[in-house]
Amino acid sequence: MSQVVKAKAPGKIILFGEHAVVHGKTGIAAAVSMYSDTEIRPASHGFFFDNLGYKVICDRDDFLEAHETLRKGVSKDEFLSLFKSDRTIVSKYLIMKFLTEHELKLRPMKITIRSELRKGMGGSASINASLILALARFYKVTIALDEISRYAYAGDIICHGGMPSGIDNTTVVYGGFIKFNKRNGTAPISIKTKLPIVIGDTLEPAATAVTVPKVTEMLKKSRRHKALMNEIGSISIEAARCIRRGDLERLGKLMNRNQEILREFSISTPKLERLIDASLRAGALGAKLSGGGGGGIMIALARDNNNRKSIAKAIEKAGGKAYIVELGVKGVA
Ligand code: MEV
């Protein structure tokens, strides 16, 4: 008889190189101390979901249908309309994908998913990584991290409506600080000094599904933008060295330059700019949007912990919600 099982996965922030990673350049991300978690309990019959407070009872056919529909691939618009009528469709799809690939049968269960992540923090990858690890525990299947990462990536392909770079699932599964490049591979970065980061949430939804194709179009049309994208890749490589040796001053400058380039791609917003400006005025060494842009979150690098508190206050005064988090936490567990 299965027992109650749990798993949790952190969220992520991108420190450098969002969008650039989609185009084969290097980016840097870190797992953050805000989490999603999944609990699975055996049930006597039927299937019960509590997905971020959305509660639904379903049957075996609903799982089969979700698997059949999403397995073929759907456009972002198709996904949004499917998701509107069933907010558990991706979970059902991934559960069936896991069971089919492991030749296991669907068993009655109650699944509860919670998340404290904000938009732009890798929410779908984090939720799906915790779901898959909890499911493996429920079925007493040993699962490797790269397999969890593969399922979380499959979920992101659907949720993002395109081909994500893979930086989100990689970061939330392995944890720590990572230097990511989809062509050349991923490497952990060891840190010398903790990075006093503040996250500022604009409270506007991130528009990754809009900004990714927009940036891709600009790259196709303009050589200047191509050169700027290459520069982001070089910034990330230098930033990895700065993180290793704890050079916060230089990191701040690199963040500001990365943000200047992202502005050239028109994916910053007035609200992001307001929070960035407020952070810099409060003494941040650097600040930039983080993730897809077009809303979502920004990050600021403080001089020290006291400065971090002043920046958090300034972000809230400017109309955002500030989070003081630890970076480089453990991945899915
Ligand atoms: C999303 O967290 C980051 C982007 O670079 C998209 C991706 O990497 O797939 C904007």
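What counts, and where the lines are drawn
- Residues numbered from 1 in each chain as written.
- Predicted model: local features only at pLDDT ≥ 70, side-chain atom pairs only at ≥ 80, totals over all residues.
- Heavy atoms only, no water.
- Helix = DSSP H or I, 4+ residues; strand = E, 2+ residues; numbered from the N terminus.
- Buried < 20%, exposed > 50% of the residue type's maximum accessible area, 1.4 Å probe, protein only.
- Contact = heavy atoms within 4.5 Å.
- Pairing = 2+ DSSP bridges.
- Domains from an automatic or database assignment.
- Buried area = accessible area lost by both parts, 1.4 Å probe.
- Salt bridge = Lys/Arg side-chain N within 4 Å of Asp/Glu carboxyl O.
- Core = buried A, V, L, I, M, F, W, Y, C linked by side-chain atoms within 4.5 Å.
- Near = heavy atom within 4 Å.
- Polar contact = N/O pair within 3.5 Å; in protein donor to acceptor, adjacent residues only side chain to side chain.
- Nonpolar A, V, L, I, M, F, W, Y, C, P; charged D, E, K, R; others polar.
- Axes fitted to C-alpha atoms, helices over the stretch in contact; angles between N-to-C directions.
- Parallel < 35°, antiparallel > 145°, perpendicular 65-115°, else oblique.
- Left-handed = near helix turned anticlockwise from the far one by under 90°.

**Some remarks on the environment of Val 212**
With respect to the secondary-structure elements, Val 212 resides in helix 7 (residues 208–221). The exposure class of Val 212 is partly exposed, given its relative accessible area of 24%. Counting along the chain gives 115 residues from Val 212 to Leu 327, while the straight-line C-alpha distance between them is 25 Å. Not counting residues within four places of it along the chain, the set of residues in contact with Val 212 comprises His 19 and Val 22.

**Digging into the pairing of strand 8 (residues 197–201)**
Of all 5 residues making up strand 8, 5 are buried, and the element is well covered by its neighbours. Sheet topology note: the strand 8/strand 10 (residues 297–301) ladder contains 5 bridges and is antiparallel. Bridging from a neighbouring strand, Ile 197 pairs with Leu 301 of strand 10. Both strand 8 and strand 11 (residues 321–324) contribute to a ladder of 4 bridges, which runs antiparallel.

**A few points about the domain arrangement of the chain**
The domain boundaries assigned to the chain delineate domain 1 (5–187) and domain 2 (191–325). The C-alpha centroid of domain 2 is placed 25 Å from the C-alpha centroid of domain 1. Between domain 1 and domain 2, the residue contacts involve 25 residues of the former and 40 residues of the latter. Summed over both sides, the interface of domain 1 with domain 2 buries roughly 2600 Å², with 74% coming from carbon and sulfur. Among the residues domain 1 hides against domain 2, the three largest losses belong to Phe 16, Glu 18 and His 19. Together they make up 26% of the total. Among the salt bridges present, the one from Asp 201 reaches Arg 118, with a minimum N-O distance of 2.9 Å.

**Quick word on the pairing of strand 3 (residues 47–51)**
Most of strand 3 is tucked away, with 4 of its 5 residues classed as buried. If you look at the hairpin formed by strand 3 and strand 4 (residues 54–58), you'll find 2 residues sitting between the two strands, and Leu 52 has a positive phi there, around 55°. In terms of strand pairing, strand 3 meets strand 5 (residues 109–115) through 5 bridges, oriented parallel. Of the residues in strand 5, the one forming a bridge with Phe 49 is Ile 111.

**What about the nonpolar core?**
Judged by nonpolar contacts, the single largest core of 57 residues is most densely connected at Leu 15, Leu 195, Ile 199 and Leu 327. With 8 residues, helix 8 (residues 223–245) is the single largest residue contributor to this core. If near-sequence neighbours (up to four positions away) are discounted, Leu 195 is found in contact with Leu 15, Phe 177, Ile 243, Leu 248, Leu 251, Leu 301, Arg 308 and Leu 327. Counting residues in each nonpolar core, the second largest holds 45 residues, with Ile 89, Tyr 139, Tyr 151 and Val 173 among its members.

**Concerning the side chain of Thr 88**
Locating Thr 88 in the fold gives a position in the loop between helix 2 (76–85) and helix 3 (89–101). On the basis of relative accessible area, Thr 88 is assigned to the buried category, the value being 0%. Residue contacts for Thr 88: discarding those within four places in its chain leaves Phe 49, Asn 51, Tyr 54 and Val 56.

**Brief notes about the site of the ligand**
Taken together, Lys 12, Ile 14, Glu 18, His 19, Val 21, Val 22, Pro 164, Ser 165, Ile 167, Asp 168 and Gly 292 make up all the residues around the ligand. Interatomic distance of 2.9 Å between a backbone N/O atom of His 19 and an oxygen atom of the ligand. Between the ligand and Ser 165 there is a distance of 2.5 Å, counted from an oxygen atom to a side-chain nitrogen or oxygen. Looking at the shell around the ligand, the elements that each hand over two or more residues are strand 1 (5–16) and helix 6 (167–174). For the shell around the ligand, the residue count by class is 5 nonpolar, 3 polar and 3 charged.

**Section: the side chain of His 19**
Tracing the backbone through its elements, the reader meets His 19 in the loop between strand 1 and strand 2 (27–42). By relative accessible area, which is 4% here, His 19 ends up buried. His 19 has contacts with Thr 211, Val 212, Val 215, Met 229, Ile 267, Gly 291 and Gly 292, leaving out every residue within four places of it along the chain.

**So, the packing of helix 4 (residues 123–138) against helix 6**
The interhelical angle for the contact between helix 4 and helix 6, taken along N-to-C directions, is 50°, at an axis separation of 9 Å. Classified by the angle their axes make, helix 4 and helix 6 are oblique. As for the relative orientation of helix 4 and helix 6, their crossing is right-handed in sense. Counting all contacts with helix 4, which are made through Ala 125, Ser 126 and Ala 129, the residues of helix 6 involved are Asp 168, Asn 169, Val 172 and Val 173. When grouped by side-chain class, the residues that make up the contact of helix 4 with helix 6 number 4 nonpolar, 2 polar and 1 charged.

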